[in-house]
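# Remarks on the overall topology
Listed below, chain by chain, are the residues.
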Amino acid sequence: MASIINSISFNNFFNYYGNHEDNTYDLEEGVNIIVADNGAGKSKFFNAFLWLFKDQILDSDDKISKSIKDVFVKIISDKAKVETPIRGTVECGIKVEYTFGTRHKFQIIKSFIATRISENITDPQSWQFTPKDVEVNKSDLVIHRYKPIYDEDEKRNIIDKLIKPSFRKYSFLQGEEVDEIIDFTKKSSIEEAVQNLTDIKKYEELVALTEYLKTRAEEDLKTQNKDSDNQNDRLEKAIEEKSNIQKNLEFEGKKLIEFQQTYNDAEHEKNELDKTYANAEKRKELDDKLKDENRKLRTVEKEYEEFLERINGRFYDGNFSWISMGFDNIVSDYKRLNDGFNEERYKKKALLEIEDSPNTYFHLMPVNSPDLVTLGSMIEKEHCYVCDRPAKKDSEPYKYIVKLRDRPKENNNKKSFVKNDLKEFFGNLQINAQPFYNKIGSIRESVNRTRSKEQELNDKIAKLKAKVKSLKDQRKDILVAGSDTENSATAIISQYQGAIKRMENSRIKIDDNLNPRIKKLKTDIKNPENEIESLSNTQNIPKGFVDNFSIAKDLSEATIKAKDRVYEKMITLLETHANKHFQQLISKNELEGGILKFEKSPSGSITFNYIDSKGNIVAGNSEGFQRMKKFSVVMAIISANTTEYNYPLLADAPISAFGEAFTEGFFEATGNVFPQSIILVKELYDVNDDMKLTKLGKRLLKDENVKTMYVNQVTPGAEQIDRVTTKIKLK
Amino acid sequence: MSRNTILREILSDKELMEKYGIKEKDLDKISTSPPFYKDVVETMATIINEKDNHLSDSQIYTRIKNIYKL
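Residues numbered from 1 in each chain as written. Chains lettered and ligands numbered in written order. Predicted model: local features only at pLDDT ≥ 70, side-chain atom pairs only at ≥ 80, totals over all residues. Heavy atoms only, no water.

### Overview of the overall build of chain A
Looking only at helices and strands, chain A features 20 helices and 20 strands. Relative to its full complement of 731 residues, chain A shows a buried share of 44%. Relative to all contacts within chain A whose residues are 6 or more apart in sequence, the contacts with residues 24 or more apart total 70%. Surface accessibility of chain A: about 39600 Å² in total, with carbon and sulfur atoms responsible for 50%. (Helix = DSSP H or I, 4+ residues; strand = E, 2+ residues; numbered from the N terminus. Buried < 20%, exposed > 50% of the residue type's maximum accessible area, 1.4 Å probe, protein only. Contact = heavy atoms within 4.5 Å. Areas by Shrake-Rupley, 256 points an atom, 1.4 Å probe, with all protein chains shown as cover.)

Set out below in structure tokens:
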């Protein structure tokens, strides 16, 4: 008889605004899929069951499960909160209906009332919380009419019957929780599963009880041993020998437990460190590389700085003479310019002087005017031969002729035209610059060489920086991906290696020392036990005492063997089932077929590995693959159950780490294992599709194993306060 | 898992079967309910039944002694 959830509905629960009628999901036996994008109500849907089973809600802000009363304001639909007037009330709740077998149907309602007392709707102080009693109703499937249940224990039983608490971890899970369910770092992980699936605990209790009964039977047998003949001596000796061996056995047994505990602790520590160790080892490797690369980077950066400093020097260093670059033609240019300048200068000087005293430079007489001798004659005769007129002494014409005669004398009075101090300066410059000037021809090559060197250093720095960044990114990825902390990688490695060493030491002690010794003692003890049995038979001891001891001894041994057999059988069964599911899960992938192998460690825990066709342990697969392996074991725990598994699977985002091929395999496999599966996924959502489904979603919609499919949607672009989840039933 | 299954599992030990003459074909017929055709069966059935009935270990031993009339 399986529990099948018929429906779940929400009343102002998170984004599910409105009453139960507005937010009912009808579900069926088989696979039920609720497709929703982020924020469209998947985890809220799941939270309803968390409330149902544990009175808790997983707070999406910090991923911590919290009591309803502590987060009640967050649970109420924001839209409903806004619409509630001050002093008004709003009810928030969930309702689940399920059938169990063919006779009864149950209804469970959990809810509370919140009264608004002030303005700020998100402030818990603005609301008063009033929880309502959980309401459980029961109905006959023939005459469908719910009758309330009042007895608290019965209410609890009805809730527990939906998914038995001990199976909830396999049947009610959220995403990465599957990693925790089958945590092979804990010895208890598989053992717990075996205990849930078998009566191994009963066998363990029977082992202890039959051992006790054997001891009591032996004590009673001893009381009957009254004679003092030879056989009696032998019997007493046998009893004493057995007692001694028994003491040794107990002593060795205690030591075995101690070493098993040491092994178990070390194994647990090693398994716990497995992920961090792999990370730590990688981190250490990266740290070493980083250290090395950083050192190289510092060296090159220093070289670059020194190089830059040297560049400055090259301008003024006579060996490089960079300052004179471009001055190749400076001397000839200077000479040319200087000549031109001088020529121009003289021209200008002449013009200026002419301007100032043109008579000094120009004869104011017509062409072929008289020379000095003629002028002298003209002065002497007081007559101008040019115009042939008299020029009486002291007259104006006379003075003019005198002036003409005396003209050259005034030229001594020269006026400076422009400064000419630089002639010497440039000359000196030329002399001083001679060593630089000689190098000008090779400067360009020197600069090119320097630029190549600079480029080379820059390239080196860029490469080293890129390498350092990549190493840092890789290191950061490790820290983000794993549960790794910033603990020293060396410390983790040393702790891990220490754990392995302790495991190995304990294993040697257990396998090579204690177990053989205990085995021998157990064989040895049979001799005195048989002796006691046979001697008791020959003495006058009542048969009942002898039979009591003999049977108690044999049953004690048989019970131990039965317990071991049952455990081994269940492990083998789990392995078979896990492999069957694993093959189904990976059937859509192009994976090389390997097998999942369960093996018992010296501490008694079960190790779980993926073995390839050559028998090698395959490690380091993707997260999706790892989760797939664990799902196989979860499914094996369900399907290996000797009785039919009676509980639905409720899973939120179980396939988030899977690829599409895994996802398809998952839906196929889950339908074969669980009587009902309710899977909340976003991977099948396609915002651009009319039906909001991916191709795989559409394929699954046609799959006959999929009985119902809903697509959740939220008001596009709406603020949180107006966000409302609506659903479309596709099937 | 029923009491019978546990009983049969424990009694299916080869050495025990041989020593007490329990035949393979009879194994499935063995039950924790009387009549018991062998003391070894009755003893184990009593242990299983009384353990399930939450009797203490010493109370169970007293019941066992009754089988052997001690």
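Once you've had a look at it, read on.
### Things to note about the overall build of chain B
Check the secondary structure of chain B and you find five helices and zero strands. What you see in chain B, going N to C, is helices and strands ordered as α-α-α-α-α. When the 70 residues of chain B are sorted by exposure, 46% land in the buried category. Once local pairs closer than 6 in sequence are excluded, the contacts in chain B between residues at least 24 apart make up 35%. In the form shown here, chain B has an accessible surface area of approximately 3800 Å², with 47% of it arising from carbon and sulfur atoms.

### Considerations on the packing of helix H8 (residues 200–223) of chain A against helix H1 (residues 3–11) of chain B
Relative orientation of the contacting elements H8 of chain A and H1 of chain B amounts to 55°, with a least axis distance of 12 Å. As judged from the angle between their axes, H8 of chain A and H1 of chain B are oblique. In the packing of H8 of chain A onto H1 of chain B, the handedness of the crossing is right-handed. Of the residues in H1 of chain B, those touching H8 of chain A at Lys-202, Tyr-203 and Leu-206 of chain A are Thr-5, Ile-6, Glu-9 and Ile-10 of chain B. (Axes fitted to C-alpha atoms, helices over the stretch in contact; angles between N-to-C directions. Parallel < 35°, antiparallel > 145°, perpendicular 65-115°, else oblique. Left-handed = near helix turned anticlockwise from the far one by under 90°.)

### Details of the nonpolar core
Ranked by internal contacts, the top residues of the largest apolar core, which has 146 residues, are Phe-13, Ile-33, Phe-45 and Phe-49 of chain A together with Leu-11 of chain B. Element by element, the count of residues in this core is highest for helix H17 (residues 543–585) of chain A, at 16 residues. In this structure Phe-45 of chain A touches Ile-8, Phe-10, Tyr-16, Tyr-25, Ile-34, Ile-678 and Leu-680 of chain A, once residues within four positions along its chain are discounted. Residues Phe-307, Ile-440, Ile-461 and Val-468 of chain A belong to the second largest nonpolar core, which totals 16 residues. (Core = buried A, V, L, I, M, F, W, Y, C linked by side-chain atoms within 4.5 Å.)

### Re the interface of chain A and chain B
Chain A puts 32 residues into the contact, and the matching count from chain B is 28 residues. Summing both sides of the interface, chain A and chain B together bury roughly 2600 Å²; the carbon and sulfur share of this comes to 64%. In terms of surface lost to chain B, no three residues of chain A exceed Leu-209, Ile-551 and Leu-555 of chain A, which account for 20% of the buried area on that side. Across the contact surface, chain A and chain B share seven salt bridges. Salt-bridge contacts for Lys-561 of chain A lead to Glu-15 of chain B; the nearest nitrogen and oxygen are separated by 3.7 Å. Here the side of chain A that touches chain B gets 17 residues from one element, more than from any other, and that element is H17 of chain A. (Buried area = accessible area lost by both parts, 1.4 Å probe. Salt bridge = Lys/Arg side-chain N within 4 Å of Asp/Glu carboxyl O.)

### Focus on the packing of aromatic side chains
Residue and element names in this part refer to chain A. The tally for this structure, following the rule as stated, stands at 22 aromatic pairs over all chains. Ring centres of Trp-51 and Phe-112 lie 5.8 Å apart, and the angle between their planes is 45°; on these two criteria the pair is classed as tilted. Here Trp-51, found in helix H1 (residues 42–54), pairs with Phe-112, found in strand S7 (residues 104–116); they are 61 residues apart in sequence, far enough to count as distant. In terms of burial, Trp-51 and Phe-112 fall into one category: buried. Plain terms: the ring middles of Phe-72 and Phe-112 are 6.0 Å apart, the flat faces sit at 85° to each other, and that makes the pair edge-to-face. (Phe/Tyr/Trp six-rings, centres within 6.5 Å; stacked < 30°, edge-to-face > 60°.)

### So, the environment of Asn-32 of chain A
Residues and elements named next belong to chain A. Along the chain, Asn-32 falls in strand S3 (residues 30–36). On the accessibility criterion, Asn-32 (0% relative accessible area) is buried. C-alpha of Asn-32 to C-alpha of Leu-649: the two residues are 617 residues apart in sequence and 9.9 Å apart in space. Once you skip the residues sitting within four places of it in the chain, Asn-32 turns out to touch Leu-27, Gln-676, Ser-677, Ile-678, Ile-679 and Thr-708.

### Remarks on H1 of chain A
Residues and elements named next belong to chain A. Spanning 13 residues, H1 covers 18 Å between terminal C-alpha atoms, matching the ideal 18 Å at 1.5 Å per step. With ten of 13 residues buried, H1 is to be regarded as a mostly interior element. Burial in H1 covers these residues: Lys-42, Phe-45, Phe-46, Asn-47, Ala-48, Phe-49, Leu-50, Trp-51, Leu-52 and Phe-53. One or two positions beyond H1, positive phi appears at Asp-55, with a value near 60°. (Expected span 1.5 Å × (residues − 1).)

### Remarks on the pairing of strand S1 (residues 3–11) of chain A
All names here are of chain A. Counted residue by residue, S1 has nine buried out of nine residues, so it is predominantly covered. Where S1 lies against strand S6 (residues 89–100), eight bridges are found, and the strand directions are antiparallel. Considered in S6, the bridge of Asn-11 is made with Gly-93. Pairing analysis gives three bridges linking S1 to strand S2 (residues 24–26), with the strands arranged antiparallel. If you follow Ser-9 over to S2, its bridge partner there is Thr-24. (Pairing = 2+ DSSP bridges.)

### Describing the confidence of the model for chain A
Residue and element names in this part refer to chain A. Per-residue pLDDT for chain A has a mean of 82; in total, 86% of the residues score no lower than 70. Ranking the elements of chain A by mean pLDDT puts helix H6 (residues 177–181) last, at 61, and S2 first, at 95. Counted against residues more than four places away or in other chains, residues 480–484, with its pLDDT under 50, gives eleven contacts. (pLDDT = per-residue confidence, 0-100.)

### Considering the side chain of Thr-694 of chain A
All names here are of chain A. Looking at the element boundaries, Thr-694 is found in the loop between strand S18 (676–681) and helix H20 (695–702). For Thr-694, a relative accessible area of 16% corresponds to the buried category. Other than its neighbours up to four places away in sequence, Thr-694 contacts Glu-683, Leu-684, Tyr-685 and Asp-686.

### Overview of the sheet that holds strand S11 (residues 172–174) of chain A
Residues and elements named next belong to chain A. A sheet is described by the order of its strands in space; here six strands give the open sequence S11-S17-S18-S3-S19-S20, paired in mixed fashion. The open sheet terminates on both sides in strands that have one partner only, identified here as S11 and strand S20 (725–729). Going from strand to strand, the sheet's axes swing by 15° on average, the running direction of each strand aside. Relative to S18, S3 is paired through six bridges, and the arrangement is parallel.

### So, the packing of helix H4 (residues 39–52) of chain B against helix H5 (residues 57–67) of chain B
In helix packing, the relevant descriptors are the interaxial angle and the interaxial distance, both defined with respect to the helix axes. Residues and elements named next belong to chain B. In the contact formed by H4 and H5, the axes pass within 10 Å of each other and the chain directions differ by 155°. Overall, the two elements H4 and H5 adopt an arrangement that is roughly antiparallel. In this structure, H4 meets H5 at a crossing whose hand is right-handed. Note on element contacts: H5 touches H4 through Asp-57, Ile-60, Arg-63, Ile-64 and Ile-67, opposite Asp-39, Glu-42, Thr-43, Thr-46, Ile-47, Glu-50 and Lys-51. Classifying every residue of the contact of H4 with H5 gives four nonpolar, two polar and six charged. (Nonpolar A, V, L, I, M, F, W, Y, C, P; charged D, E, K, R; others polar.)

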